[in-house]
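The chain contents come next:
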Amino acid sequence: MSKPDTTARATVSVDTRQPSTRQPSTSSSAGTALPAVTAPADPGPVGDARRRRIDGLLRRSPLQPVFRALTARRLAVLAYHGIDDPAGFAAQMERLVRTATPVSLARLQSCVRERRPLPPRSVLVTFDDGDRSVLTHGLPVLTRLGIPAAAFAVTELIDTDRPFWWSEAAHLAAHGGTARALAGCPPQAVVGRLKQISDAERRRSLQELRDSARTQAPRRPQLTASDLGRLRSAGVEIGNHTHTHPCLDRCADSTGHQEVAEAHRLLSRWLGEAPTAFAYPNGNRDQRTEALLGELGYRLGFLFNHRHDALLPPDPLRINRLRVNSDTTPDRFDTILSGLHPAVHRIRGGC
């Protein structure tokens, strides 16, 4: 994995999922002080307003142009999931075409193969899971602006109306579902807990949640195989995100192999050729998966670690990505692109 481009010493709390009560330092390696700000302990409208103020402080900080200048020589791979805010997503993409150089998955593969760096300020837009909103809300914007992208599909869900397992688990836990492995776990922490236990135990726990919940999770339309072809024809390349979206480092050897190989087989059949890019579910990679990707002919593998990478990534199967949502505020979106937000996130202990 490539090292981060730079670091800062300012400890401004911007990720309210990990609130801090200590007083942070205000010095920085760039010699510019940032105001000490702590995140609110409670979510809600007050917390949202505080986060927006923090994002604004970072965006107006003297460090922002410094980081932006440094990351001109870095690759930004944006990792979205679904598009909950179509207007916000459109504004973000319009910002990209004004300030950056959108590149395709194929161009990145070509540069890696030829050992030739991408141009400055290159940005690759990616989507994990294959949410249908990528087709309904994302594709019109990408097509209008001429932005290439990549979508990584969970093949078990194609041509179905099944919910994503994490959405299902959250719903079941909120409606009385219980499981032995989740004893003492509050409903809002269930998904996080399921990602930490073994994959076999996760599957058993999901079934226990289904058996005990008062109501089952609502169905939701997923992409179809023909939708994948439509996306691909319109410039959204399709990659492998496993068959059922387990955390691969929690899987037994045979399960991990099957997850990657079955998704590879199905995508090859649906697309007419084998996929060559892979995104690790939840960002959890392991050496077994990397070895299998090499055997299957994959050229690129993507993490989920909120970091920039080099314009010529040193490890093509461990390419860094930046976490972003369609409802990310304009201030935070700018500091994510500049690298300031990821640097602060790492200083606060984020991966």
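Residues numbered from 1 in each chain as written. Predicted model: local features only at pLDDT ≥ 70, side-chain atom pairs only at ≥ 80, totals over all residues. Heavy atoms only, no water.

### Observations concerning the overall build of the protein
- Looking only at helices and strands, one finds 13 helices and nine strands in the protein.
- By the burial criterion, 55% of the 351 residues in the protein qualify as buried.
- Summed over all atoms, the accessible surface of the protein reaches about 15,100 Å², with 50% contributed by carbon and sulfur. (Helix = DSSP H or I, 4+ residues; strand = E, 2+ residues; numbered from the N terminus. Buried < 20%, exposed > 50% of the residue type's maximum accessible area, 1.4 Å probe, protein only. Areas by Shrake-Rupley, 256 points an atom, 1.4 Å probe, with all protein chains shown as cover.)

### Some details on the pattern of salt bridges
- Within this structure, the stated rule accounts for 25 salt bridges.
- For Arg 288, the salt bridge identified is with Asp 253, shortest N-O distance 2.6 Å. Placement of Arg 288 in helix α11 (residues 287-296) and of Asp 253 in helix α10 (residues 253-271) is noted, with a sequence separation of 35 residues between them.
- Judged by relative accessible area, Arg 288 falls into the partly exposed class, the value being 35%.
- Note on Asp 253: relative accessible area 56%, which makes it exposed. (Salt bridge = Lys/Arg side-chain N within 4 Å of Asp/Glu carboxyl O.)

### Some remarks on the packing of aromatic side chains
- All chains considered together, the criterion is met by eight aromatic pairs.
- Geometrically, the ring pair formed by Trp 165 and Trp 166 is edge-to-face, given 5.7 Å between the ring centres and 80° between the ring planes. Each member of the pair Trp 165 and Trp 166 is classed as buried.
- Members of the aromatic cluster, connected to one another through ring pairs, are Tyr 80, Phe 89 and Phe 127. (Phe/Tyr/Trp six-rings, centres within 6.5 Å; stacked < 30°, edge-to-face > 60°.)

### Side note on helix α1 (residues 45-60)
- With 16 residues, α1 should reach 22 Å at 1.5 Å per residue; the first-to-last C-alpha distance of 23 Å fits that figure.
- Among all positions of α1, only Gly 47, Arg 51, Ile 54, Asp 55, Gly 56 and Leu 58 are buried.
- Packing partners of the buried residues in α1 comprise α2 (63-71), α12 (330-338) and α13 (340-347). (Expected span 1.5 Å × (residues − 1). Contact = heavy atoms within 4.5 Å.)

### A word on the pairing of strand β3 (residues 122-129)
- Most of β3 is tucked away: eight of the eight residues are buried.
- Alignment of strand β1 (residues 74-80) against β3, held across five bridges, turns out to be parallel. Along β3, the bridge assignment pairs Ala 79 with Thr 126.
- Two strands pair when backbone bridges link them, and strand β2 (residues 101-102) and β3 are joined in this way by two bridges, in the parallel orientation. The partner of Thr 101 across the bridge, within β3, is Ser 122.
- For the segment spanning β2, helix α4 (residues 105-114) and β3, crossover handedness is right-handed. (Pairing = 2+ DSSP bridges. Right-handed = clockwise from strand over helix to strand, strands pointing away.)

### Some thoughts on the nonpolar core
- Leu 78, Tyr 80, Met 93, Leu 96 and Phe 127 are the most contacted members of the largest nonpolar core, which has 35 residues in total.
- For this core, the element with the highest residue contribution is helix α5 (residues 133-145), accounting for five residues.
- Residues contacting Tyr 80, with those up to four places away along its chain left out, are Phe 89, Gln 92, Met 93, Val 125, Thr 126, Phe 127, Asp 128, Val 324, Asn 325, Ser 326 and Phe 333.
- One finds Trp 166, Ala 173, Ala 179 and Leu 194 within the second-largest nonpolar core, a separate group that totals 18 residues. (Core = buried A, V, L, I, M, F, W, Y, C linked by side-chain atoms within 4.5 Å.)

### What about unusual backbone geometry?
- If you check the backbone angles, Arg 121 has positive phi at about 60° while not being a glycine.
- One can find Arg 121 in the loop between α4 and β3.
- For Arg 121, a relative accessible area of 24% translates into the label partly exposed.
- Residue Thr 242 is not a glycine yet carries a positive backbone phi of 75°.
- Looking at where Thr 242 falls in the secondary structure, it is placed in the loop between β5 (236-240) and α10.

### Thoughts on the pairing of β1
- In terms of burial, β1 is largely enclosed, as seven of its seven residues are buried.
- Every second residue of β1 is oriented toward a common face, with Arg 74, Ala 76, Leu 78 and Tyr 80 on one face and Leu 75, Val 77 and Ala 79 on the other, all of them buried.
- Where β1 lies against strand β8 (residues 309-310), two bridges are found, and the strand directions are antiparallel. Following the sheet pairing, Arg 74 is matched in β8 by Ala 310.
- Judged from the two bridges that link them, β1 and strand β9 (residues 322-323) form a sheet pairing that is parallel. Bridged to Leu 78 within β9 is Leu 322.

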